[in-house]
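Here is how the chains run, residue by residue.
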Amino acid sequence: MKTKKSFHVAAIALCTAGTLLLAGCGSNGNSGNSGTNDGGTTAAGSPSSAASPSQADSKKETVKLTMWGGVPAENGPQEAVDNWNKLHPDIQIEYVRFVNDDAGNLKLDTALISGQQVDLYMNYAYSTLEKRVQAGNALDLSSFSEYDIDDKMGSAASAWKMDGKYYGVPTKKGGTYVWLNKDMLDAQGLEVPTDWTLDDMRDYANKLKSDKVWGLAEGDYFFAQSINSSIMKQSLEMTNSDGTSAFDNPFTVKTFEVYLDMMFTDKSMMPHTEQITSKPALDQMFVKGETAMLFSTEQIFRTTNNLTDFPRDFKVALAPAPKVTADQTDYIYNGGLGDVLSINPKSKYKDEAWEFVKWYADEGMLPLAKGGRLPSSKDLDADEAVKVMFEGVEDTYDLDSVKRVLLGADLPYALSQLDAKTSSDFQVVYDKVFSQKLTPEEGSKELARIHNDNLKAAAK
Amino acid sequence: MPPFFIPGKDGDPMSWMKRQRMLGYVFIAPNVIGMTVFLLVPALFSFYLMFTDWVFSSGRGPHFIGLDNFRRMVKEELFWISLKNTLLVMLPVPVAVIIGFLIAVMLNNRVYLTKTLRAFFFAPYFTSGIAIAFVWMVLFQPSEGPINAFLRSAGITDPPRWFSSPDTAMIGMLIMLTVGGIGYNMIIYLAALQDISTELMEAARIDGAKTRHLISKVILPLVSPTTFFLLITGFVGAVKGFGMIYAITQGGPANSTSVFSIFAYKQAFHFYEMGYASAISWTMFLLILLISLLQWWGQKRWVHY
């Protein structure tokens, strides 16, 4: 076992060095994205700073734990950690931020596998947690029986179970929504939608667009939302009962058609391929009034709540994600519980880490509400979180619609468990459909073909 | 401790030589150690990995799978797209060499603003590749970029969508890489042109050679070692090219700008398939080796030392 571990550490060191080999990409290519923002190297690279258990026992030395998370420290995590540190002088937590993208997750995985000090870390996608569980880097929480995750977080937590076990505690709830510039809606005499379809959204975008304003903007990730939402009820793995791909269906075709019409017929939405090469900051487009609607998650609170850096003079309203068709009964909204906090099995201080996990879930994460994160634990008062969320900026929101969608609506939520490779391969299909190289029907069939190929490869 | 550079007390020249050698090793040690740790050992390790199924994040060690990675690779459409694009990105190399040569010849003669023009053409070389990539992104922006604005004003109602379309993204890349390569070639040629004796040029002129004869019969043969150097390093650089393409399109849209290095990078750092990525990287290495050997073999016919 020791030899195996040594191999891994050596191999990781070599692969890291190998990245320098690979076309000199290390400095120019991807690192630019994460840059110094995630700044985890120094903190994570100092495992020796932690006291050994024996020392801790004998001298009651301070235990130092490191928690890795994707939210910028200033958007709540640092305050949460500071609060804990004040309450627990004997267990000090240091927060290390990693950017939740491929490069950032690679950094965390490298730290986990190479034995750097990562005691606690956040997972934001099922597929990344799954990889970490398979690699033995997430602690099975079954042994901590005094805390009933299902009872605290509700039945939605079970979406994060693997083989019937929890390897992390989901700490927040959220979903995908359509953010609206209320002033622009009012100017056109449009109501804030409460239950709408893709065609309605197209109609809104068309009415709201103008010379310098797009009707709607959304990131690549959101094309999949309507498509996935029409399949998730039958299977979170997005398959039919016979195990084949479920992507080739009329809802997929309809989704492609509506988006194509918005991009090329109405011109109410920036063409997808232009967007991926122009790389506009969508949140900022929204607060600057360059798009009337934004399909996104609660993460935009980071921008809409920050009136200093992103001043705006309009009210923000909120609508749920649109269904594909009005009579669609099996539509499942994308969302549910997230921010899954796991413990590294190699941590020397698993019990202390567990104490922190419970505290964080039940009360500690409240400062993160400012950035739009609603706690999922029943012990944390939702009204309190909402108060923190809108403190000082209440007047800049249409609070009725925001609260209705975030808190009030009892909508069915779920998260797809599609594997990372298929999701990545689908990007090519979206590119082809939205550059009109494939028709919506062909695109629908191509999604299914790719998914089926990957299902077959995985079964081997 | 006696200094390395003076003979030992006993005056033994061999002892002095030994110290000189040691001093040499000390000087090259940082580089040798760095090269070994960061280049040689990882390269050898990746040679081993390409015959395995090692997935970085799996927690399992590598298993020997023979040539399965190569079998899988040739079955993938993306491999063939990447191969085609990798060969395509070699095209700008000779074009940039020719343009760089012509500009160097022009600037080597007395023209106005020689120094300014030299700096202008060389600017892309000393500017960060990523910064250049972002400038090209703006230039080629389909709806508001200056290039399409010019094309529209010239009467083209539906100009290319450049990096935004799978049909034209690669053309945009080739233009960018060509322009980007000119400055370096020009500077190297300028240095080579300085070495051509003026007597030789004058003698040719007295013999009645016109400018085109001077260029084709005197200058070109004399700078042929430089041309060979620029072509061989240019092709190697082109095949390894990654940063600028990745910064603009990440290999898209629809994989239309995927080259070997991006193909390998995605397998390694998106899917953590280190075994498979090693196989792709070594295929890229073999391609570079083959191209370099072909050039080496061909140079005997046209390079004059």
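Residues numbered from 1 in each chain as written. Chains lettered and ligands numbered in written order. Predicted model: local features only at pLDDT ≥ 70, side-chain atom pairs only at ≥ 80, totals over all residues. Heavy atoms only, no water.

Peer 1: Tell me about the overall build of chain B, and name the residues and values.
Peer 2: Within chain B, the regular secondary structure consists of 14 helices and zero strands. Counted from the first residue to the last, chain B has its helices and strands arranged as α-α-α-α-α-α-α-α-α-α-α-α-α-α. Here chain B holds 305 residues, and 46% of them are scored as buried. Once local pairs closer than 6 in sequence are excluded, the contacts in chain B between residues at least 24 apart make up 63%. Here chain B has roughly 16500 Å² of accessible surface; of this, 71% comes from carbon and sulfur atoms. (Helix = DSSP H or I, 4+ residues; strand = E, 2+ residues; numbered from the N terminus. Buried < 20%, exposed > 50% of the residue type's maximum accessible area, 1.4 Å probe, protein only. Contact = heavy atoms within 4.5 Å. Areas by Shrake-Rupley, 256 points an atom, 1.4 Å probe, with all protein chains shown as cover.)

Peer 1: I'd like a description of the overall build of chain A, backed by residues and values.
Peer 2: Within chain A one finds 21 helices and 10 strands. Looking at the 460 residues of chain A, the share that counts as buried comes to 57%. Put simply, chain A shows about 19200 Å² of open surface, and 49% of that area lies on carbon and sulfur atoms.

Peer 1: Which residues make up the packing of helix 11 (residues 198–208) of chain A against helix 13 (residues 250–265) of chain A, and what are the values?
Peer 2: Residue and element names in this part refer to chain A. The geometry of helix 11 relative to helix 13 is characterised by a closest axis approach of 10 Å and an angle of 5° between their N-to-C directions. Between helix 11 and helix 13, the crossing angle belongs to the class labelled roughly parallel. Seen from helix 11, the contacting residues are Leu198, Asp199, Met201, Arg202 and Ala205; seen from helix 13, they are Lys254, Thr255, Val258, Tyr259, Asp261, Met262 and Thr265. For the contact of helix 11 with helix 13, the residue count by class is six nonpolar, two polar and four charged. (Axes fitted to C-alpha atoms, helices over the stretch in contact; angles between N-to-C directions. Parallel < 35°, antiparallel > 145°, perpendicular 65-115°, else oblique. Nonpolar A, V, L, I, M, F, W, Y, C, P; charged D, E, K, R; others polar.)

Peer 1: Quick rundown of helix 8 (residues 126–134) of chain A? Include the residues and the values.
Peer 2: Along helix 8 of chain A, the residues classified as buried are Tyr126(A), Ser127(A), Thr128(A), Leu129(A), Arg132(A) and Val133(A). Elements that come into contact with the buried residues of helix 8 of chain A comprise helix 7 (102–113), strand 3 (120–123), strand 8 (333–343) and helix 20 (420–434) of chain A.

Peer 1: Any chance you could break down the pairing of strand 3 of chain A for me, citing the residues and the numbers?
Peer 2: All names here are of chain A. Neither face of strand 3 is exposed, since Leu120 and Met122 on one face and Tyr121 and Asn123 on the opposite face are all buried. Across two bridges, the pairing between strand 1 (residues 63–69) and strand 3 is parallel. Counted as the bridge partner of Met67 is Leu120 from strand 3. Across four bridges, the pairing between strand 3 and strand 8 is antiparallel. Bridge pairing in strand 8 places Leu120 opposite Ile343. (Pairing = 2+ DSSP bridges.)

Peer 1: So what's going on with the pairing of strand 7 (residues 316–320) of chain A? Which residues, and what values?
Peer 2: Residues and elements named next belong to chain A. The buried count for strand 7 comes to five of five residues, which makes it a mostly enclosed element. Side chains Val316, Leu318 and Pro320 of strand 7 all project onto a buried face; the interleaved residues Ala317 and Ala319 project onto the opposite face, where all are buried too. For strand 4 (residues 169–181) and strand 7, the ladder comprises five bridges, and the chain directions are antiparallel. Paired with Trp179 across the strands is Leu318, a residue of strand 7.

Peer 1: Got a sec to walk through the environment of Ile132(B)? Specific residues and values, please.
Peer 2: Residues and elements named next belong to chain B. Among the structural elements, Ile132 can be located in helix 6 (residues 129–139). Among the residues examined, Ile132 registers a relative accessible area of 12% and is labelled buried. Beyond its immediate sequence surroundings of up to four residues, Ile132 is in contact with Pro124, Thr127 and Met244.

Peer 1: For the packing of aromatic side chains, give the residues involved together with the corresponding values.
Peer 2: Counted by the stated rule, this structure contains 51 aromatic pairs over all chains. Seen in terms of ring centroids, Tyr259(A) and Phe434(A) are 6.3 Å apart; in terms of plane orientation they differ by 85°. Their pairing is edge-to-face. Highlighted residues: Tyr259(A) in helix 13 and Phe434(A) in helix 20, separated in sequence by 175 residues. Centroid distance Phe56(B) to Tyr272(B): 5.4 Å. Interplanar angle 85°. Geometry classified as edge-to-face. Pair noted here: Phe56(B) is in the loop between helix 1 (13–49) and helix 2 (68–75) and Tyr272(B) is in the loop between helix 13 (260–269) and helix 14 (274–302), with a separation of 216 residues, a long-range link. (Phe/Tyr/Trp six-rings, centres within 6.5 Å; stacked < 30°, edge-to-face > 60°.)

Peer 1: Outline the pattern of salt bridges, supporting the account with residue identities and numerical values.
Peer 2: Side chains carrying opposite charge are able to pair once their charged atoms draw close together. Residue and element names in this part refer to chain A. The tally for this structure, following the rule as stated, stands at 26 salt bridges over all chains. The partner of Lys370 in a salt bridge is Glu79, and the shortest N-O contact between them spans 3.2 Å. Of this pair, Lys370 sits in the loop between helix 17 (350–364) and strand 9 (374–375) while Glu79 sits in helix 6 (residues 77–87), and the two are 291 residues apart along the sequence. Ionic pairing is found between Asp379 and Lys152, a salt bridge with its closest N-O pair at 2.4 Å. Remark: Lys152 occurs in helix 9 (residues 149–153) and Asp379 occurs in the loop between strand 9 and helix 18 (382–390); sequence separation between them is 227 residues. You can call Lys152 buried: its relative accessible area is 16%. Several salt bridges share partner residues, and in doing so they unite Glu146, Glu355 and Lys358 into one network. (Salt bridge = Lys/Arg side-chain N within 4 Å of Asp/Glu carboxyl O.)

Peer 1: So, empty space enclosed by the protein: which residues are in play, and what are the values?
Peer 2: Scanning all chains against the criterion turns up two cavities of 30 Å³ or more. Of the residues contributing to the lining of the largest cavity, the split by class is eight nonpolar, one polar and two charged. For the second largest cavity, the calculated volume is near 40 Å³. Thr277(A), Ser278(A), Met137(B), Phe140(B), Gln141(B), Pro142(B), Phe163(B) and Ser164(B) together form the lining of the second largest cavity. (1 Å grid on protein atoms, 1.4 Å probe; cavity = no way out; pocket = protein on both sides within 12 Å on 5 of 7 lines; lining within 4 Å. Points joined across faces, edges and corners; volume = space filled by probe spheres on them.)

Peer 1: How would you sum up a nonpolar patch on the surface? Please name residues and give values.
Peer 2: Residues and elements named next belong to chain B. Together, Ile33, Met35, Val37, Phe38 and Leu39 line one region of the surface with nonpolar side chains, adding up to about 440 Å² of accessible area. Tracing the backbone shows Val37 in helix 1. Residue Val37 is classed as partly exposed on the basis of its relative accessible area, which comes to 41%. (Patch = residues over 30% accessible without salt bridge, like charges linked within 9 Å, V, L, I, M, F, W, Y side chains within 5 Å.)

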